[in-house]
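The residues making up each chain are set out below.
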Amino acid sequence: MSGVMVLVEHRQGAVRDVTFEVLAAGKGLAAELGGGCEAVLLGGDEAMAGAVAGHAERLVHAGHELLADFNYENYQRVMKALVEERKPDVVLLPHTAFGNDLGPSLAVALGCGLVSDAIGFSKTDDGLVVTRGMYASKLNADLLVPSLPAVVMVRQSQFKPAEPGTPGEVVQYDPSPLFEQPPATKFITLEELPSTGIDITKADIIIGVGRGLKEEANLAPVQELADSLGAVLAGSRPVIDAGWLEKERQVGSSGKTVKPKLYIALGISGAFQHVAGMKGADTIIAVNKDPHAPIFAAAHYGIVEDMHKLVPVLKAQLSETAS
Amino acid sequence: MKIAVCVKRVPDISEADVQVDGSGRDVVKDRFQFTINEADNYALEEALLLKESEDAEVVLVTVGPQEASEVLRMGLAKGAARGVRIDDTGLEKADGLNLAAALAAYFRKEEFDLVLTGCIAQDVEDSQVGPAVAELLGWPHAAYVIALESGDSALKVKRELEGGLLEVKELPRPCVLSVQTGGNTPRYASILGIKRAGSKPMDELDAAALELNVEEAGEAGSKTRLLKLYVPEVTGAAEMIEGDANEKATKAVQILKDRGLA
């Protein structure tokens, strides 16, 4: 085949939403390249196959117990065999913990090029050009892939899933000959993070703080502002990593997705991982001292100001309003 | 146990205005502070914790120009035993997989039980090197590792998945782990550590010493090539609220009132 092969990401018995985004990207790319878009489901059941079938011209389904839970080694063996047999131009994976565990080693095993975090594609005379983010989403980069096939990992929350169409053909694939040797790594279990009972997804107003907070002591005035608005505090990854806020307050692709009535982003630069978790808020107000911070592309209202200067002023004015 | 930690010298861009230079393929560097890549710092901390719980030698490895030695010194000051810099002459602008190939060439010369990398470099954000190095060496790997426990011959790791889930898995040594931020608290170097770092060995290697042909190992041999960097076009950008801090606050409060939120 020519065209695009999209690997379905599933977990705990369900196809993950990101799969439909990547399938939408795959369809667009296939049209650009002049080929079809084929989905590959490793493990999974008929229900998953049914969920995906309307989003691709063909679905290759390799149902096998060794593929039930994600293990990059088993997945890689099957993907390598399928790519060598079916010869797609591009293999698309989501740029997730799943895709990232598999993409680089699959590209090496196939001896082909690899692009991370793709947000756009175009075909040129020199080859495929993939657009991606770099430098904390402050810059875009156009990368040329002179020769295909290539493995491309697609950014989450970037492509809009399409409505399902007529279900495509489903082809069964027997991967068992590939599993004569057991994999070196062993999946043990999935574990939930310990819960402290905080649920930021229920809040109407969220104040998110980022690296611009600078130190934990600076949380106190932000908490006062939150109290005056009846808001809950949340944070971007650096704030959580530093231990200043609980992990359950992390907003972003590796934390929570929130859709409050109001999200106030303080000192958050707006890397896509964070934006993916809060762009669904009804109103977003962003405060950052860097006028070029990518957060201003996601916000409805932007304020270029040092958050430490603005927060007490905002708090004072809200208190006046209340009294 | 012998542990290698791959570290990269990167610009601290968190609050900086990032501009593209005249070549269109790099950023203006003179405005940045440079530091050790954040995720690599967490990887180093995991290695130092292992060193404290069992007998282990921690070796820092970087690919870069002369200045990249700075980050080796930082890591030596925290407790790594020695540093190795692979000079990047001829390898500048090599893509992620070729960078992994240069590192793998080194790991074929000197054997390790465990290789740790950060899961992402904060400049180019490839997230490719760790798992690619593993595949080139024929070793198993795990990406986005947030916790690890060392056993007799195997390692038990937790990988961070999206949405607050962890994947627990076991892998034999030797292996490569790419470490996610937040799983530990990276230490600061002590005064004594900084003093000692100066006398710790730092080796330098180049492409030739690793038997790498720069035609293949550098940009020309890369399977992807950076055409250009640019500031993304902003669509549907925010309405900017102007004025002094007081005026900005007043306008913001009005927006909240209009929506019944204040």
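Keep in mind the model is a prediction, meaning the values are calculated, not measured. Residue numbers restart at each chain and count upward from 1, following the sequence in its written direction. Written order decides the labels, with chains lettered from A and ligands numbered from 1. A pLDDT threshold of at least 70 governs which residues receive local features in this predicted model, and a stricter bar of 80 or more applies before side-chain atom pairs are shown or counted, although totals over entire chains, interfaces and linings include all residues.

Notes on helix 4 (residues 97-110) of chain A
All names here are of chain A. We count a stretch as a helix when DSSP gives it H or I for four or more residues in a row; a strand needs E for two or more, and each element gets its number in order from the N terminus. What a helix is expected to span follows from its residue count: subtract one and scale by 1.5 Å. Look at helix 4: 20 Å from first C-alpha to last across 14 residues, which is about the 20 Å you get at 1.5 Å a residue. Bending is quantified residue by residue as the angle between axes fitted to the seven-residue window ending at that residue and the seven-residue window starting at it. In the structure, helix 4 departs most strongly from a straight axis at Gly 103, where the bend amounts to approximately 25 degrees and where the proline Pro 104 lies between one and four residues downstream. The burial criterion counts other C-beta atoms lying within 10 Å of a residue's C-beta, which is placed from the backbone; the residue is buried at 20 or more, exposed at 12 or fewer, and partly exposed between these limits. Along helix 4, twelve of the 14 residues are buried, which leaves the element largely enclosed by surrounding structure. The first or second residue beyond helix 4 is Gly 111, which carries a positive phi of 65 degrees.

Brief notes about the pairing of strand 16 (residues 283-288) of chain A
On any regular strand, side chains alternate: one points to one face of the sheet, the next to the other face. Residue and element names in this part refer to chain A. Of all six residues in strand 16, five are buried, a share of seventy percent or more. At least two DSSP bridges between two strands are required for those strands to pair. Two elements, strand 15 (residues 262-266) and strand 16, share five bridges in a ladder whose sense is parallel. Directly across from Leu 262, in strand 16, lies its bridge partner Thr 283.

Here's the deal with the domain arrangement of chain A
By a widely used convention, the size of an interface equals the accessible area lost when the partners come together. Residue and element names in this part refer to chain A. Each domain span listed reflects an automatic or database assignment of domains. Taken domain by domain, chain A holds domain 1 (3-179) and domain 2 (200-322). Computed from C-alpha atoms alone, the centre-to-centre distance between domain 1 and domain 2 is 34 Å. C-beta atoms are placed from the backbone for every residue, and two residues are taken to be in contact when these atoms lie within 7 Å. Residue-level contacts link seven residues of domain 1 with eight residues of domain 2.

Considering unusual backbone geometry
With the exception of glycine, the majority of residues adopt a negative phi angle, and the majority of peptide bonds are in the trans configuration. Here the amide bond leading from A:Leu148 into A:Pro149 is cis, since omega sits at 10 degrees, within 30 degrees of zero. Among the secondary structure elements, A:Pro149 is positioned in the loop between strand 9 (139-145) and strand 10 (150-154). A cis amide bond links B:Arg173 to the next residue, B:Pro174, at an omega of -5 degrees. Along the chain, B:Pro174 falls in the loop between strand 9 (165-172) and strand 10 (175-179). Positioned with a positive phi, B:Ser127 is a non-glycine residue whose angle comes to about 55 degrees. Along the chain, B:Ser127 turns up in the loop between strand 6 (114-118) and helix 4 (129-137). What makes B:Ser127 buried here is the crowd of 26 C-beta atoms within 10 Å. The phi dihedral of B:Tyr144 is positive, around 65 degrees, even though this residue is not glycine. Tracing the backbone shows B:Tyr144 in strand 7 (residues 141-150).

Observations concerning the interface of chain B and chain A
Between chain B and chain A, the residue contacts involve 69 residues of the former and 74 residues of the latter. Residue polarity is assigned by list, with Asp, Glu, Lys and Arg as charged and Ala, Val, Leu, Ile, Met, Phe, Trp, Tyr, Cys and Pro as nonpolar; anything else, Gly included, falls into the polar class. Residue classes in the side of chain B that touches chain A are distributed as 38 nonpolar, 13 polar and 18 charged. Alignment of strand 17 (residues 301-304) of chain A against strand 13 (residues 239-240) of chain B, held across two bridges, turns out to be parallel. When the sheet's bridge partners are listed, A:Tyr301 is paired in strand 13 of chain B with B:Glu239.

Regarding the sheet that holds strand 9 of chain A
Ordered by their spatial adjacency, ten strands build an open sheet running 11(A)-5(A)-4(A)-1(A)-6(A)-10(A)-7(A)-8(A)-9(A)-12(B), and the pairing between neighbours is mixed. Looking at strand neighbours, the two that pair on one side only are strand 11 (169-172) of chain A together with strand 12 (225-230) of chain B, the edges of this open sheet. Recorded for the sheet is a direction-independent mean angle of 35 degrees between the axes of neighbouring strands. Taken together, the six bridges between strand 7 (residues 113-124) of chain A and strand 8 (residues 127-134) of chain A define a ladder with antiparallel strand orientation. The partner of A:Gly120 across the bridge, within strand 8 of chain A, is A:Thr131. Between N-to-C directions, angles span 0 to 180 degrees; the directions come from axes that are lines fitted to C-alpha atoms, helices contributing only their stretch in contact.

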